[in-house]
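Listed below are the residues making up each chain.
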Amino acid sequence: MLEPSHNNELPAIPGKRYFTIGEVADLCAVKAHVLRYWEQEFPQLSPVKRRGNRRYYQRSDVITIRQIRSLLYDQGYTIGGAKQKLSSHEIKDDTSQYKQLIRQMITELEDVLDVLNAPVK
C-alpha cells in the first residue's frame, strides 16, 4: 500500500505503549496543531483522552499518522484523496502497517546488535 521513502528518515518509534502529542509530533515531523486537525478529518485517528483532555497515542496511531503524512506530503494527495485511500485500504487486509512494524523492529534489533557487538572499553 504505502511504501514511502521519507518514512525511513523519520526517527524510530520507541517501544512505549503511549505517546504524548508532542512526542508524536516529533516522531512524525508534523506540528501538534496538524495532528489535532487530522483527528477531526481522519476517523482512523482516535487517541485515548485522559485527565484534562490530554491525548495519548498508541503505536498504531503513530503508524497511521506516518501513513497520512506520506500520502499528503510525499505523494501529493489532498485530504479527501488521503481519506479515500486510507478507507479503501482498511477494507482489504492491510498488511503495510505490519510491514512497517516489522521494518521498525528489524531496525531496533539491528541497533541492539550493534550495541552488543561494540567493543567493551
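Everything numeric in this text was worked out from a predicted model, so none of it was measured.

Remarks on a positive patch on the surface
Taken together, the side chains of Arg17, Arg50, Arg51 and Arg54 present a region of like positive charge at the surface. Residue arginine 54 is classed as exposed on the basis of its relative accessible area of 56%.

A word on the side chain of glutamine 104
Mapped onto the elements, glutamine 104 comes out in helix H5 (residues 96-117). At 3.5 Å, the side chain of glutamine 104 and the backbone oxygen of isoleucine 13 are in polar contact.

Digging into the packing of helix H2 (residues 32-41) against helix H3 (residues 59-74)
Their axes nearest at 12 Å, the elements H2 and H3 cross at an angle of 95 degrees. In terms of orientation, H2 and H3 fall into the roughly perpendicular class. Contacts between H2 and H3 involve Val34, Leu35 and Trp38 from the first element and Ile65, Ile68, Arg69, Leu72 and Tyr73 from the second. Looking at side-chain class alone, the contact of H2 with H3 contains seven nonpolar, no polar and one charged residues.

Examining H2
Listed as buried for H2 are Val34, Leu35, Trp38 and Glu39. Buried residues in H2, looked at end-on, bunch into an arc of 145 degrees, giving them a common side.

Digging into unusual backbone geometry
Although it is not a glycine, alanine 29 adopts a positive phi angle of roughly 60 degrees. By secondary structure assignment, the location of alanine 29 is in the loop between helix H1 (21-28) and H2.

Brief notes about the packing of H1 against H3
In the contact formed by H1 and H3, the axes pass within 10 Å of each other and the chain directions differ by 45 degrees. Relative to H3, the element H1 lies oblique. Seen along the crossing, H1 lies across H3 with a hand that is right-handed. Taking contact as the criterion, the partners of Val24, Leu27 and Cys28 in H1 are, on H3, Val62, Ile65, Arg66 and Arg69. The residue makeup of the contact of H1 with H3, split by class, is five nonpolar, no polar and two charged.

Side note on the environment of valine 62
Assignment of secondary structure puts valine 62 in helix H3. C-alpha separation for the pair valine 62 and leucine 45, spaced 17 residues apart in sequence, amounts to 9.1 Å. In this view, valine 62 contacts Ile13, Phe19, Val24, Leu27 and Cys28; residues no more than four positions away in its chain are not counted.

Description of the packing of aromatic side chains
Applying the stated criterion across every chain yields a total of one aromatic pair. A ring pair is formed by tryptophan 38 and tyrosine 73, whose centres lie 6.1 Å apart and whose planes are at 55 degrees; its orientation type is tilted. Here tryptophan 38, found in helix H2, pairs with tyrosine 73, found in helix H3; they are 35 residues apart in sequence, far enough to count as distant. Judged by relative accessible area, tyrosine 73 falls into the partly exposed class, the value being 44%. One cation-aromatic arrangement involves arginine 50 over tyrosine 56; the distance from NZ or CZ to the ring centre is 5.5 Å.

Parameters at a glance
Every chain's residues receive numbers from 1 upward, in the order its sequence appears when written. Thresholds applied to this predicted model are a pLDDT of at least 70 for local features of residues and 80 or more for the giving and counting of side-chain atom pairs; totals over whole chains, interfaces and linings are not thresholded and use all residues. With hydrogens and water set aside, each side-chain value is computed from the structure's full complement of heavy atoms. Any residue with relative accessible area above 30% and no salt bridge may belong to a patch, with like charges joined within 9 Å and the nonpolar Val, Leu, Ile, Met, Phe, Trp and Tyr side chains within 5 Å. To measure how exposed things are, a 1.4 Å probe is used in the Shrake-Rupley method; for residues, cover is taken only from the protein chains shown. A pairing counts as a salt bridge when a side-chain nitrogen of Lys or Arg comes within 4 Å of a carboxyl oxygen of Asp or Glu. In this tally, Lys and Arg are treated as positive and Asp and Glu as negative; His is ignored, and so are the chain termini. Just so you know, the charge point we use is NZ for Lys, CZ for Arg, CG for Asp and CD for Glu. Exposure classes here rest on a 1.4 Å probe applied to the protein chains alone. A residue is buried below 20% of its type maximum, exposed above 50%, and partly exposed in between. Secondary structure elements are taken from DSSP: a helix is a run of H or I of four residues or more, a strand is a run of E of two residues or more, and numbering for both begins at the N terminus. For this analysis, a polar contact is any N or O atom pair within 3.5 Å, provided that within protein one partner can donate a hydrogen and the other can accept it, and provided that sequence-adjacent residues contribute only side-chain to side-chain pairs. Axis definition: a line fit to C-alpha positions, over the contact stretch in the case of helices; interaxial angles, taken between N-to-C directions, run 0 to 180 degrees. When an angle is under 35 degrees it counts as roughly parallel; over 145 it counts as roughly antiparallel; between 65 and 115 it counts as roughly perpendicular; any other value is oblique. Only heavy atoms matter for contacts: two residues are in contact if any of them lie within 4.5 Å across the pair. Asp, Glu, Lys and Arg are counted as charged, while Ala, Val, Leu, Ile, Met, Phe, Trp, Tyr, Cys and Pro are counted as nonpolar; the rest, among them Gly, fall into the polar class. Throughout, the arc means that of the directions going from the helix axis to the C-beta atoms. If you view the pair so one helix is near and one far, a crossing is left-handed when the near helix is turned anticlockwise from the far one by less than a right angle, and right-handed when it is turned clockwise. Within 6.5 Å between ring centres, the rings of Phe, Tyr and Trp (the latter by its six-membered ring) count as paired, and their orientation is classed by plane angle as stacked under 30 degrees, edge-to-face over 60, tilted in between. Charges are assigned to positions over rings by a cutoff of 6 Å between ring centre and Lys NZ or Arg CZ, combined with an angular limit of 35 degrees from the ring normal.

Purely geometric stuff here, so don't read any function into it on its own.
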